[in-house]
Amino acid sequence: MQFKIEPYAWQKEAIGKSIVMKDLALLADMGTGKTGATVNILRHKYYENGRQLKTLILGPLITLFNWQDEILKHSYVKQADTVVLHKGGSAGKLKTFERELLHNPNKIVILNYEAMLSDKLFEAIKSWGPEVLVCDEAHYCKNHKAKRSKKVAIIADAAKNRYILTGTPILNNIADLFMQYRILDGGATFGKSFTVFQRKYMED
């Protein structure tokens, strides 16, 4: 697989790790190229499978179009095969989602975390069945009690490949890691119970 833009050394290392690891956390500082590395990871997964996989990218609202720009810059994915759900409220996003994926479900859908709070949109995404999940600024899902985090975990559990990106995995204390890794690997690292995690890794 040829690169459209030559990656940095650390990006190549991350791409290499993604070949042998189905889930990967890219915990690098802001501005170091996590998005570009992830786009090339996605390219490799698509190449392996012989098609563009159904991909859901979640992130803060302000980053959505940057993701689309980076996908077009670092890959040969057509703009028509990316869908940015950003306006119209939950009803408008749902309508756009259903229209864009009606004839071709193998697209990249880019959506903000808050939109996952819409039950109808969440159910539509779950029925669509993303094969790849990317969580940008994954610390947005650090709260294991939050409805948003729980919904993202449900989508993650059904995905083939999962990637989390953040430069600040711990904002408050080590508890911030639990839900991010629960989404990343289904509990393989820290388990599925926050209470067990708390007893094992934290002290009162």
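Our structure is the block above this text.
Now for a description of the structure that goes with this document. Each chain has its residues counted from 1, following the order in which its sequence is written. Residues qualify for local features only when their pLDDT is at least 70, as the model is predicted, and side-chain atom pairs are given and counted only at 80 or more; totals for whole chains, interfaces and linings, by contrast, use all residues. Values shown for side chains rest on all heavy atoms present in the structure; no hydrogens or waters enter the calculation.

### A closer look at the nonpolar core
Burial of nonpolar side chains together is a common tendency in soluble globular proteins. Which entries qualify depends on this criterion: Take the buried residues of types Ala, Val, Leu, Ile, Met, Phe, Trp, Tyr and Cys, join any two whose side-chain atoms come within 4.5 Å, and each joined set is a nonpolar core. Only protein chains enter the accessibility calculation, which uses a 1.4 Å probe; a residue whose area is less than 20% of its type maximum is buried, one above 50% is exposed, and one in between is partly exposed. Numbering of helices and strands starts at the N terminus; helices are DSSP runs of H or I of at least 4 residues and strands are runs of E of at least 2. Every residue pair with non-hydrogen atoms within 4.5 Å of one another is taken to be in contact.
Formed by 37 residues in total, the largest nonpolar core has its most connected members in Leu56, Phe97, Leu111, Ile125, Leu133, Val152 and Ile183. Ranked by residue count, the leading element in this core is helix α7 (residues 176-185), at 6 residues. In this structure, isoleucine 125 is in contact with Leu56, Phe97, Leu111, Met116, Pro130 and Ile155, ignoring residues within four places of it in sequence. Of all hydrophobic cores here, the second largest spans 21 residues; its members include Leu24, Ile41, Leu64 and Val77.

### Quick word on the state of the cysteines
What counts, and what does not: We call a pair of cysteine sulfur atoms a disulfide when they lie within 2.5 Å.
Applying the stated criterion across every chain, the model contains 0 disulfides. Here cysteine 135 is not cross-linked by a disulfide; its sulfur's nearest cysteine counterpart is in cysteine 141, at 5.3 Å. Assessed through its relative accessible area of 2%, cysteine 135 is described here as buried.

### As for the pattern of salt bridges
The criterion, for reference: The salt bridge criterion pairs a side-chain nitrogen of Lys or Arg with a carboxyl oxygen of Asp or Glu, the two atoms within 4 Å.
For the structure on display, the rule yields 14 salt bridges. Of the charged contacts, one joins glutamate 13 and lysine 17 as a salt bridge, the two residues approaching to 3.7 Å between their closest N and O atoms. Of this pair, glutamate 13 and lysine 17 both sit in helix α1 (residues 9-20), 4 residues apart, which is roughly one turn of the helix. Lysine 22 serves as the salt-bridge partner of aspartate 23, at 3.2 Å between the closest nitrogen and oxygen. Connected through shared salt-bridge partners, Lys22, Asp23 and Arg162 make up one network.

### Points about the pairing of strand β6 (residues 161-165)
Condition: For two strands to be treated as a pair, DSSP must find at least two bridges joining them.
With respect to burial, β6 is a largely interior element, 5 of its 5 residues being buried. With burial as the criterion, each face of β6 is covered, one bearing Asn161, Tyr163 and Leu165 and the other bearing Arg162 and Ile164. Alignment of strand β1 (residues 23-26) against β6, held across 4 bridges, turns out to be parallel. The partner of leucine 26 across the bridge, within β6, is leucine 165. Where strand β5 (residues 132-136) lies against β6, 5 bridges are found, and the strand directions are parallel.

### A short note on the sheet that holds strand β2 (residues 55-59)
The condition is simple: Orientation is described by axes fitted as lines to C-alpha atoms, over the contacting stretch for helices, and by angles from 0 to 180 degrees between their N-to-C directions.
The strand order across the open sheet formed by 6 strands is β1-β6-β5-β2-β4-β3, and the pairing between neighbours is parallel. Single-partner strands in this sheet number two, and they are β1 and β3 (82-85). When the angles between neighbouring strand axes are averaged without regard to direction, this sheet yields 15°. In this structure, β3 lies alongside strand β4 (residues 108-112), joined through 4 bridges in parallel fashion. Within β4, the position partnered with leucine 85 by the bridge is leucine 111. Across the sheet, helix α2 (residues 34-49) lies against β1, β2, β4, β5 and β6, angled at about 175° from β6, the strand it touches most.

The values reported here are purely geometric and, on their own, carry no functional implication.
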